[in-house]
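Each chain is listed here by its residues.
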Number of protein chains: 2
Amino acid sequence: MSKKKFVKAVTSRDDDFAQWYTDVVLKTGLADYAPVKGCMVIRPYGFALWENIKNIADGKFKETGHQNAYFPLLIPENFLRKEAEHFEGFSPEVLWVTQGGDKELTERLLIRPTSETMICTMYAKWIQSYRDLPVLMNQWCNVVRWEKTTRPFLRTSEFLWQEGHTVHETKKEAEEETLRMLEIYRQIAEENMAMPVILGRKSEKEKFAGADKTYTMEAMMYDGKALQAGTSHYLAENFSKMFGITFLGRDGQEHYGWSTSWGVSTRLIGGLIMVHGDDRGLRIPPKVAPTQVVIVPIGLEKGNIGEKADEIYARLKDKFRVKLDTREEYSIGWKFNEWEMKGIPVRLEFGNKELSEGYITAFRRDKLEKIKLSFNNLEQELEDLLNTIQNDMYNDAKERMESKIYKFDDYYKLKEWSKDSNGFAKIMWSGDMEDEEKLREDTGLTIRCIPFDEEKISDKCIISGKDAKHMVYVAKAY
Amino acid sequence: MSKKKFVKAVTSRDDDFAQWYTDVVLKTGLADYAPVKGCMVIRPYGFALWENIKNIADGKFKETGHQNAYFPLLIPENFLRKEAEHFEGFSPEVLWVTQGGDKELTERLLIRPTSETMICTMYAKWIQSYRDLPVLMNQWCNVVRWEKTTRPFLRTSEFLWQEGHTVHETKKEAEEETLRMLEIYRQIAEENMAMPVILGRKSEKEKFAGADKTYTMEAMMYDGKALQAGTSHYLAENFSKMFGITFLGRDGQEHYGWSTSWGVSTRLIGGLIMVHGDDRGLRIPPKVAPTQVVIVPIGLEKGNIGEKADEIYARLKDKFRVKLDTREEYSIGWKFNEWEMKGIPVRLEFGNKELSEGYITAFRRDKLEKIKLSFNNLEQELEDLLNTIQNDMYNDAKERMESKIYKFDDYYKLKEWSKDSNGFAKIMWSGDMEDEEKLREDTGLTIRCIPFDEEKISDKCIISGKDAKHMVYVAKAY
């Protein structure tokens with residue numbers, strides 16, 4: 001049987017980053033374009049990655065006392081209209097259901113773009129007393145935002161996400177919850193996806209429609225652009241007042257509940273691709289990789305290689321997510337290319353030579369390096385190697401991010417830099433929305449966040465020369 | 001602090017079964033009515049039950065080689081029109097999206113009632129050769145069917161389900177897959193939910209719109225009505241022909257793929273309630289119970305009861321799904337009532353007396369019996385008890401079902417029985433749809449299935465007197 005030729009090579013990411021991204025998504029089988037405007041199909045490889053991220057997040061939500069629930073997909077129009085800012089923010093992207101069978105509906109229904117309005121309506125019914133608080137719920141679901149410009153994972157008309165919605169007795173508890181969930185998002189991104197992030201607060205202009213404060217984690221992609229990778233909103237009493245979430249307090253008085261909401265989505269996968277991918281395709285950190293280790297025996301037709309491969313697979317299969325590739329219709333080179341493109345963290349290769357000398361060759365996808373693992377102590381050495389890879393991937397991405405963070409105190413220089421901005425800039429800002437808008441018009445840069453650890457670069461706003469109020473990160477963004 | 005009085009008692013199931021069902025759903029916190037026609041909110045307790053069922057099913061799907069994926073919620077109108085029977089079956093219940101933001105869409109989109117049309121469109125693109133087969137995918141998602149009469153879990157306008165969609169090289173493989181998945185559904189129902197089912201094939205009238213054959217599992221509810229609890233469809237080449245799923249065969253010729261689809265939904269929870277519930281509320285089989293064991297210490301204010309409760313909880317918490325109830329504002333009676341209503345399989349109670357004598361009292365929710373478990377050997381005895389409860393619940397339900405299966409060979413007697421039918425009837429049927437329709441008009445009974453183990457009751461169809469072709473189960477159904 002003639003061996004198949006590997007023909008799936010991806011565009012170089014330095015030549016054309018957008019095309020590189022599309023190649024990686026399509027050719028690795030993460031997703032495909034769906035025949036509906038702006039929608040994607042998440043294929044099994046992409047979905048397995050999402051399941052791993054989801055399971056980690058779900059475990060952390062449950063550990064912190066949250067419970068999953070499920071609320072309806074469809075929301076009556078009048079619910080969305082209750083909170084004015086929220087309506088204004090979401091109505092341009094909303095899909096409307098107007099007919100059921102061959103009948104017109106009496107009231108239009110919208111497909112949820114987010115569920116505050118539905119969930120607050122139910123909370124108003126369920127919450128009576130301080131004894132019912134806190135309410136800590138989360139749902140994993142699909143949402144739809146009818147966007148004009150879309151890209152698989154990064155921005156799609158329909159996407160999968162989780163949305164947490166909580167109500168608390170006090171302002172302080174709600175504020176703490178908002179930050180607790182941001183910290184959990186940081187752990188998911190940094191500790192599991194090896195994707196370093198900058199934490200901070202959104203400006204008034206960039207915050208969630210209806211929130212009092214929005215906190216964000218911003219990740220830097222390979223091309224230096226920012227990706228808003230997760231947000232946590234402190235809603236104060238805003239939604240409680242509009243939806244009537246009141247409770248009898250310990251003082252015998254009626255109070256409004258203090259609420260939060262927070263979400264991460266399949267967008268995280270877009271971030272993972274653009275932080276870790278290289279010219280050979282994906283690189284997936286071990287903790288979230290659908291397959292952590294692939295075994296590619298060499299010279300299957302010879303001696304006892306096949307038996308040894310089965311033996312190694314049997315030793316590893318309950319400890320790691322492992323695949324054994326014994327396909328005969330593909331050449332070794334083809335297999336290597338395929339698994340590298342798919343970003344499997346470790347490939348184990350061996351033939352008679354390795355076996356006779358008591359080792360296995362491990363290929364590290366992250367560094368493209370080969371090392372020897374002892375046959376007898378394979379399990380332990382492999383576990384150590386996967387941990388090393390996880391840490392190295394994080395450190396490399398962190399180092400790259402830090403090397404692309406610049407400081408500016410001169411607007412002319414910032415504008416020049418922005419023409420080909422390859423990273424984030426730290427600048428001083430007056431805090432005024434008009435200056436923020438001028439910046440965007442002049443440069444295409446947006447304020448990504450006001451970080452928790454502001455640094456003083458100068459006394460004056462770089463844009464207007466007014467007194468500076470905050471140091472902010474600015475960047476072009478996905 | 002005055003102890004709260006327990007005021008949540010449910011209606012007796014023999015007095016008013018429909019009201020009993022509603023009481024159980026609402027008062028145990030499984031679900032609530034949503035403010036959208038025919039929709040429900042699945043509350044945390046109901047969702048935890050769904051997660052347990054889902055995880056068991058998902059594990060079985062993966063063990064048999066299926067992979068999860070995700071396809072779009074929205075389907076272009078022309079896709080649904082491609083398969084004529086399928087369109088006719090689903091279009092009366094479809095919700096149509098016609099507007100995005102403030103613009104009319106150029107083509108109406110429907111919210112998926114099931115995803116054959118979308119998934120087959122993608123399969124046509126992905127499948128080229130016999131080497132690509134079988135394709136074995138599943139998705140967990142929400143679907144919408146705009147139904148007239150709804151009831152939480154049993155029939156809701158939106159529900160959660162899984163839908164498996166597979167394509168095979170041969171007719172035989174597709175037929176085997178259809179039955180393999182039916183068998184997995186049987187295991188989920190009988191071995192995990194302790195819900196006995198009857199397996200068989202649907203009549204032409206009752207089969208899935210577009211299928212060649214539909215297989216079903218039918219469960220008997222407490223009131224004797226049938227619940228179609230899961231279906232598996234052999235689609236032959238029907239959808240492949242309409243959607244162009246072809247592959248290059250081993251013979252070098254172009255062939256149509258042989259496909260299947262199969263699904264179970266949140267409806268299973270409705271079945272669980274109506275098979276196992278009693279006048280005190282829910283009874284949940286241990287294998288799927290969100291909480292398997294609740295510890296209720298008695299006399300918390302005395303001696304070292306609190307410490308002992310913590311110790312027992314610590315011993316059990318990694319082995320079982322266990323809750324410790326040390327709330328002070330509720331009386332012991334209230335707690336007992338609440339946990340019984342919620343259907344927790346085992347309640348552990350103890351005070352100073354038990355401790356000094358070295359045992360713990362276990363209350364079995366299924367039999368309403370108390371037994372003694374040894375303090376020292378608690379883990380093992382509890383595990384055994386949960387297994388016993390699981391088996392007893394299945395055997396009790398099975399015995400009840402069998403005691404309510406009747407045979408009829410006289411149409412007058414069948415009609416009399418049908419007025420107050422409390423179970424399933426086995427009858428002989430000609431196989432003609434006109435007789436099936438006459439039966440429904442005369443009696444309200446529908447053919448639930450043609451079982452795999454047909455028994456010969458007589459030679460003649462009980463309805464028309466024609467030659468009998470099949471023995472069938474008939475019943476009123478949810």
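Bear in mind the structure is a predicted one, so any value in this text is a computation, not a measurement.

(A) Broad picture of the overall build of chain A. Within chain A one finds 14 helices and 23 strands. Relative to its length of 478 residues, chain A is compact, with a C-alpha radius of gyration of 25 Å against a globular reference of 23 Å. Each of the three principal axes of chain A carries a C-alpha extent, and together these read 80 × 55 × 50 Å. Looking at chain A residue by residue over its 478 residues, the buried ones come to 61%. Restricting to contacts in chain A with at least 6 residues of sequence separation, those with at least 24 account for 70%. For chain A, the exposed area adds up to about 18,900 Å²; of that, 45% sits on carbon and sulfur atoms. Taking the 71 positively charged and 78 negatively charged side chains of chain A as two groups, their mean positions are separated by 3 Å.

(B) Region of the structure containing the relation of the copies chain A and chain B. When chain A is brought onto chain B, the operation consists of a screw motion whose angular component is 180° and whose axial shift is 0.0 Å, with 0.0 Å RMSD remaining. Viewed as a symmetry operation, the transformation between the two copies matches a two-fold axis. Considering only C-alpha atoms, the part of chain A nearest the rotation axis is V97(A), at 2.1 Å. By residue overlap, the copies meet face to face through one surface: 100% of the interface positions of chain A are interface positions in chain B.

(C) Region of interest: helix α1 (residues 17-27) of chain B. Residue and element names in this part refer to chain B. The complete set of buried residues in α1 reads F17, W20, Y21, D23, V24 and V25. Turning to α1, the residues buried within the fold contact β1 (31-33) and α8 (267-276). Among the residues trailing α1, G29 stands out with phi positive, at a value near 75°.

(D) Fine view of the packing of aromatic side chains. Residue and element names in this part refer to chain A. Using the criterion set out here, one finds 33 aromatic pairs over all chains in the structure. The ring of Y45 carries the charged tip of K342 above its face, separated from the ring centre by 4.4 Å. Lying over the aromatic face of F363, R347 brings its terminal NZ or CZ to 4.1 Å of the ring centre.

(E) How the structure looks around the pattern of salt bridges. All names here are of chain A. One pass over the full model with this rule turns up 90 salt bridges over all chains. Between K438 and D442 there is a salt bridge whose closest N-O contact spans 2.9 Å. Linking K438 with D442, this pair stays in helix α14 (residues 433-443), spanning 4 residues, or about one helical turn. Each of R280, E340, R347, E349 and K370 takes part in one network of salt bridges that share partners.

(F) Up close: the packing of helix α13 (residues 411-418) of chain A against α14(A). Residues and elements named next belong to chain A. Here α13 crosses α14 at 50°, and the two axes come no closer than 9 Å. Considered as vectors, α13 and α14 are oriented oblique to each other. Contacts between α13 and α14 pair Y411, L414, K415 and S418 from the former with K438, L439, D442 and T443 from the latter. Residues of the contact of α13 with α14, tallied by class, amount to 3 nonpolar, 2 polar and 3 charged.

(G) Looking closely at the nonpolar core. If you look at the biggest cluster of nonpolar residues, it comprises 84 residues, and the most contacted ones within it are I111(A) and I111(B). Once you skip the residues sitting within four places of it in the chain, I111(B) turns out to touch L73(A), L74(A), V97(A), I111(A), L73(B), L74(B), L95(B), V97(B) and V144(B).

(H) Quick look at the confidence of the model for chain A. Residues at a pLDDT of 70 or more form 98% of chain A, whose mean pLDDT is 96. The ipTM for the predicted assembly is 0.96, set against a pTM of 0.96.

(I) Quick look at the pairing of strand β18 (residues 359-364) of chain B. Residues and elements named next belong to chain B. The element β18 is extensively covered by neighbouring structure, given that 6 of its 6 residues are classed as buried. On β18, burial covers both faces: Y359, T361 and F363 on one face and I360, A362 and R364 on the other are all buried. As paired strands, strand β17 (residues 346-350) and β18 are joined by 4 bridges and run antiparallel to one another. Its bridge partner being in β18, E349 is matched across the sheet by T361.

(J) Highlighting unusual backbone geometry. In this structure, the amide linkage connecting L133(A) to the following residue, P134(A), adopts the cis form with an omega of -5°. Note that P134(A) resides in the loop between α5 (116-126) and β7 (135-144). Positive phi, close to 50°, is recorded for A236(A), a residue that is not glycine. Within the secondary structure, A236(A) is located in strand β11 (residues 226-236). One non-glycine residue, L368(B), lies in the positive phi region at around 55°. The residue L368(B) is located in the loop between β18 and β19 (369-374) in this model.

(K) Focus on the sheet that holds strand β19 (residues 369-374) of chain A. Residues and elements named next belong to chain A. Strand order across the open sheet formed by 5 strands is β16-β15-β17-β18-β19, with mixed pairing between neighbours. Two strands lie at the open edges of the sheet, namely β16 (322-324) and β19, each paired on one side alone. On average, each strand axis in the sheet is inclined to that of its neighbour by 25°, with strand direction left out of account. Alignment of strand β18 (residues 359-364) against β19, held across 6 bridges, turns out to be antiparallel. The partner of I360 across the bridge, within β19, is L373. Here helix α9 (residues 305-316) sits on the sheet in contact with β15 (293-297), β16, β17 (346-350) and β18, set at roughly 165° to β16. Each of β15, β16, β17 and β18 is contacted by helix α10 (residues 332-341), which is oriented at about 175° to β15, the strand it contacts most.

The rules behind each value
The numbering scheme is per chain: residues are counted from 1 as the chain's sequence reads. Lettering of chains starts at A and numbering of ligands starts at 1, both following the order in which they are written. Only residues with pLDDT of 70 or above have their local features reported here, since the model is predicted, and side-chain atom pairs are shown and tallied only from 80 upward, although totals for entire chains, interfaces and linings are computed over all residues. Side-chain metrics in this entry use all non-hydrogen atoms of the structure; hydrogen atoms and water are not considered. In this description a helix means any DSSP run of H or I spanning at least four residues, a strand means any run of E spanning at least two, and both kinds are numbered starting from the N terminus. Only C-alpha atoms enter the radius of gyration, while the globule expectation follows 2.2 Å times N to the 0.38, with N the number of residues. To sort residues, take the accessible area from a 1.4 Å probe on protein chains only and compare it with the maximum for the residue type: under 20% means buried, over 50% means exposed, and anything in between is partly exposed. Throughout, a residue-residue contact means that at least one pair of heavy atoms, one from each residue, lies within 4.5 Å. Per-residue and other accessible areas follow the Shrake-Rupley method at a 1.4 Å probe size, with only the shown protein chains counted as cover for residues. This count recognises Lys and Arg as positive and Asp and Glu as negative, with His and chain-terminal groups excluded. Every charge is mapped to an atom, namely NZ of Lys, CZ of Arg, CG of Asp or CD of Glu. Copy-to-copy alignment: least squares on C-alpha atoms, limited to residues at pLDDT 70 or above in both. Only the six-membered ring of Trp is used, alongside the rings of Phe and Tyr, when aromatic pairs are assigned; centres must lie within 6.5 Å, and planes under 30 degrees apart are stacked while those over 60 apart are edge-to-face, with the rest tilted. Whether a charge lies above a ring is judged from NZ of Lys or CZ of Arg, which has to be within 6 Å of the ring centre and within 35 degrees of the ring normal. Salt bridge, as used here: a side-chain nitrogen of Lys or Arg that lies within 4 Å of a carboxyl oxygen of Asp or Glu. Note on definitions: angles span 0 to 180 degrees between N-to-C directions of axes, and those axes are lines fitted to C-alpha atoms, for helices only across the stretch in contact. What sets the label is the angle itself: under 35 degrees gives roughly parallel, over 145 gives roughly antiparallel, 65 to 115 gives roughly perpendicular, and the rest give oblique. Under this grouping Gly is polar, as are all residues other than the nonpolar Ala, Val, Leu, Ile, Met, Phe, Trp, Tyr, Cys and Pro and the charged Asp, Glu, Lys and Arg. Among buried residues, those of type Ala, Val, Leu, Ile, Met, Phe, Trp, Tyr and Cys that are joined through side-chain atoms within 4.5 Å constitute a nonpolar core. As a per-residue quantity, pLDDT reports the predictor's confidence and falls between 0 and 100. Two strands qualify as a pair provided DSSP detects at least 2 bridges between them.

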